[in-house]
Amino acid sequence: MAKVLIATEKPFAAPAVAGIKEIIEKAGFELALLEKYTEKAQLLAAVADVDAIIIRSDKIDAEVMDAAKNLKIVVRAGAGYDNVDLEAATARKIVVMNTPGQNANAVAELVLGLLVYTVRNFYNGKAGSELMGKTLGILAFGNVGRNVARIAKGFGMNVIAYDAFCPAEVIEQSGVKAVASQADLFKQADIVSLHIPATAETKQSINYDLCGTMKKGAILINTARKEVIDEAGLLKLMAEREDLKYITDIKPDTDADFAKFEGRYFSTPKKMGAQTAEANTNAGLAAANQIVGFIKEGITKFQVNK
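Keep in mind the model is a prediction, meaning the values are calculated, not measured.

Draft legend 1. Fine view of the sheet that holds strand β1 (residues 3-8). Strand order in the open sheet formed by five strands is β2-β1-β3-β4-β5, and the pairing between neighbours is parallel. Each end of this open sheet is capped by a strand with a single partner; those strands are β2 (30-35) and β5 (95-98). For this sheet the average axis-to-axis angle between neighbouring strands, irrespective of direction, equals 15°. Across the sheet, helix α1 (residues 14-26) touches β1, β2 and β3 (52-55), and the angle it forms with β2 is around 155°.

Draft legend 2. View of helix α10 (residues 231-240). For α10, every residue scored as buried is listed here: Glu 231, Gly 233, Leu 234, Leu 235, Leu 237 and Met 238. Buried residues belonging to α10 abut α9 (208-211), β10 (219-222), β11 (245-248) and α11 (255-258).

Draft legend 3. Broad picture of the packing of aromatic side chains. Counted under the stated rule, the structure contains seven aromatic pairs. Grouping aromatic residues by their ring pairs yields a cluster made of Tyr 117, Phe 122, Tyr 123 and Phe 266. A cation sits over an aromatic face here: Arg 56 above Phe 12, 5.4 Å from the ring centre. Directly above the aromatic system of Tyr 208 lies the positively charged group of Lys 236, at a separation of 4.6 Å from the ring centroid.

Draft legend 4. Region of interest: the environment of Glu 227. Structurally, the position occupied by Glu 227 is in the loop between β10 and α10. Given the relative accessible area of 33%, Glu 227 is considered partly exposed. The spatial distance from the C-alpha of Glu 227 to the C-alpha of Ala 67 is 29 Å, given a sequence separation of 160 residues. Setting aside chain neighbours within four positions, we find Glu 227 in contact with Asp 82, Ala 198, Lys 203 and Gln 204.

Draft legend 5. Structural context of the sheet that holds strand β9 (residues 191-194). With parallel pairing, the seven strands of this open sheet are ordered in space as β8-β7-β6-β9-β10-β11-β12. Lying at the two open borders of the sheet, with one neighbouring strand each, are β8 (177-178) and β12 (265-267). Bridge count between β11 and β12: three bridges; the pairing is parallel. Each bridged residue has a counterpart across the sheet, and for Tyr 246 the counterpart in β12 is Tyr 265. The sheet strands contacting helix α5 (residues 104-119) are β6 (135-139), β9, β10, β11 and β12, and the helix crosses β10 at an angle near 145°.

Draft legend 6. Representation of the environment of Lys 306. Relative to the helices and strands, Lys 306 resides in the segment after α12 (277-297). Residue Lys 306 is classed as exposed on the basis of its relative accessible area of 73%. It is 39 Å that separates the C-alpha atoms of Lys 306 and Thr 135, two residues lying 171 residues apart in sequence.

Draft legend 7. Broad picture of the packing of α5 against helix α6 (residues 143-154). Where α5 contacts α6, the axes come no closer than 8 Å and their chain directions differ by 50°. Judged by the angle between their axes, α5 and α6 are oblique. The interaxial crossing formed by α5 with α6 has right-handed handedness. Contacts between α5 and α6 involve Ala 104, Asn 105, Val 107, Ala 108, Glu 109, Val 111 and Leu 112 from the former and Asn 143, Val 144, Asn 147, Val 148, Arg 150, Ile 151 and Ala 152 from the latter.

Draft legend 8. Layout of the nonpolar core. Counting residues in each nonpolar core, the largest one holds 30 residues, and the members touching the most others are Leu 112, Leu 115, Leu 136, Ile 138, Val 148 and Ile 191. Secondary structure elements with two or more residues in this core: α5, β6, α6, β7 (158-162) and β10. Considering each element in turn, this core owes the most residues, nine residues, to α5.

Draft legend 9. Main features of the pairing of β3. Every second residue of β3 is oriented toward a common face, with Ala 52 and Ile 54 on one face and Ile 53 and Ile 55 on the other, all of them buried. Bridging between β1 and β3 involves four bridges; their strand directions are parallel. Its bridge partner being in β3, Ile 6 is matched across the sheet by Ile 54. In this sheet, strand β4 (residues 73-76) lies alongside β3 in parallel orientation, the contact comprising four bridges. Within β4, the position partnered with Ile 53 by the bridge is Val 74. Between the parallel pair β3 and β4, the chain is carried across by helix α3 (residues 62-67), and the sense of this crossover is right-handed.

Draft legend 10. Spotlight on the pairing of β10. With burial as the criterion, each face of β10 is covered, one bearing Ile 219 and Ile 221 and the other bearing Leu 220 and Asn 222. Here β9 pairs with β10 via four bridges, running parallel. Along β10, the bridge assignment pairs Ser 193 with Ile 221. Sheet topology places β10 next to β11; four bridges connect them, and they run parallel. Residue pairing in the sheet places Ile 219 in a bridge with Lys 245 of β11. The parallel pair β10 and β11 is bridged by α10, and the resulting crossover is right-handed.

What counts as what
- Residues numbered from 1 in each chain as written.
- Predicted model: local features only at pLDDT ≥ 70, side-chain atom pairs only at ≥ 80, totals over all residues.
- Heavy atoms only, no water.
- Pairing = 2+ DSSP bridges.
- Helix = DSSP H or I, 4+ residues; strand = E, 2+ residues; numbered from the N terminus.
- Axes fitted to C-alpha atoms, helices over the stretch in contact; angles between N-to-C directions.
- Contact = heavy atoms within 4.5 Å.
- Buried < 20%, exposed > 50% of the residue type's maximum accessible area, 1.4 Å probe, protein only.
- Phe/Tyr/Trp six-rings, centres within 6.5 Å; stacked < 30°, edge-to-face > 60°.
- Lys NZ or Arg CZ within 6 Å of the ring centre and 35° of its normal.
- Parallel < 35°, antiparallel > 145°, perpendicular 65-115°, else oblique.
- Left-handed = near helix turned anticlockwise from the far one by under 90°.
- Core = buried A, V, L, I, M, F, W, Y, C linked by side-chain atoms within 4.5 Å.
- Right-handed = clockwise from strand over helix to strand, strands pointing away.

In C-alpha cells form, the structure reads like this:
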C-alpha cells in the first residue's frame, strides 16, 4: 500500500485535508499528516516510509529526499516550485509536480484588490483615482496573468502583456495587446503586474534601470516571487522618484527601508495570493489526484523536473 504524506508547516484548510484524505483512501493508499511542524527533524522523521509527499511552501531538499527511502513523487500544491531541489530529485529519480492554475483566480483577485486599495490612497480619506482607462502591463501571460487580464478588462482597463515564451497571437486571442519586449511593457504601462517565476534569468531582473523607464506616477505590483526584485535598485529609484509606488504580497528583505516611503509602498504581512478557501482546496485536491494518477497509471502531465 502506497503511503502519502501531507507535510505543511502552514496547513491546508480542514475541508481540503478531508478532500485529500477521501481521494487518497479511495485509491487504496494510506494518508499521513504532518502540520505546523517547527523543526526540520520532524519532517525528516515523517518522510521515512512515504511514497509521496504533498507540500505547500515547505522545503524539500536533498536531505529530506535521502531520509525518504521510498519516495517516488513530490507535489507542490501551487504553481511555484522553487522550494523543491529539482536537481536532487532528478538525480534520485523522484518526480516533482506542481498544480498550475489552481490558485490563479485567487492571486488575480488579490492583484486587483491591492490596486484598488492603492489608487484610493489606502483608504486614508483623501480623493484617489480610478483604474478605468489605465494601462495595465502584465509580465508573463500564464494562468495567473490571464486571470488578471480577464478581471482588469472588467474594470475597463487597457491591458497589454509580454511573455517571452507565449506567442503574441495567443496573447491577443484573449483580447490583450502583446508588446514586443519587456522593456516596451515597462515604458507603456501605468501599472506593471509581475507574474514571472524565480529562475536564474529572472532573479533581480526587475531592477533600477528597467523600473526607471516607467511612467510618471506608475505602480509596480508583485505577487510573483520576492527574488525577482533587485531591492537595492528599487529602493534607490524610489528615493529619486517620489511618484513611483511599489505594492507586493511578498514582504521584501528590506521591508523597513521600503516602509519609509509612506503612501507609496504596501506589503501584506505574509504571502496572500493563494490564501483563499477555494484555492486552498483546489490545489490540495489536484495534488492528491496527481499522486493517484502517477502511482496507478504513471501519468506525469505536470512534472517539472526531467
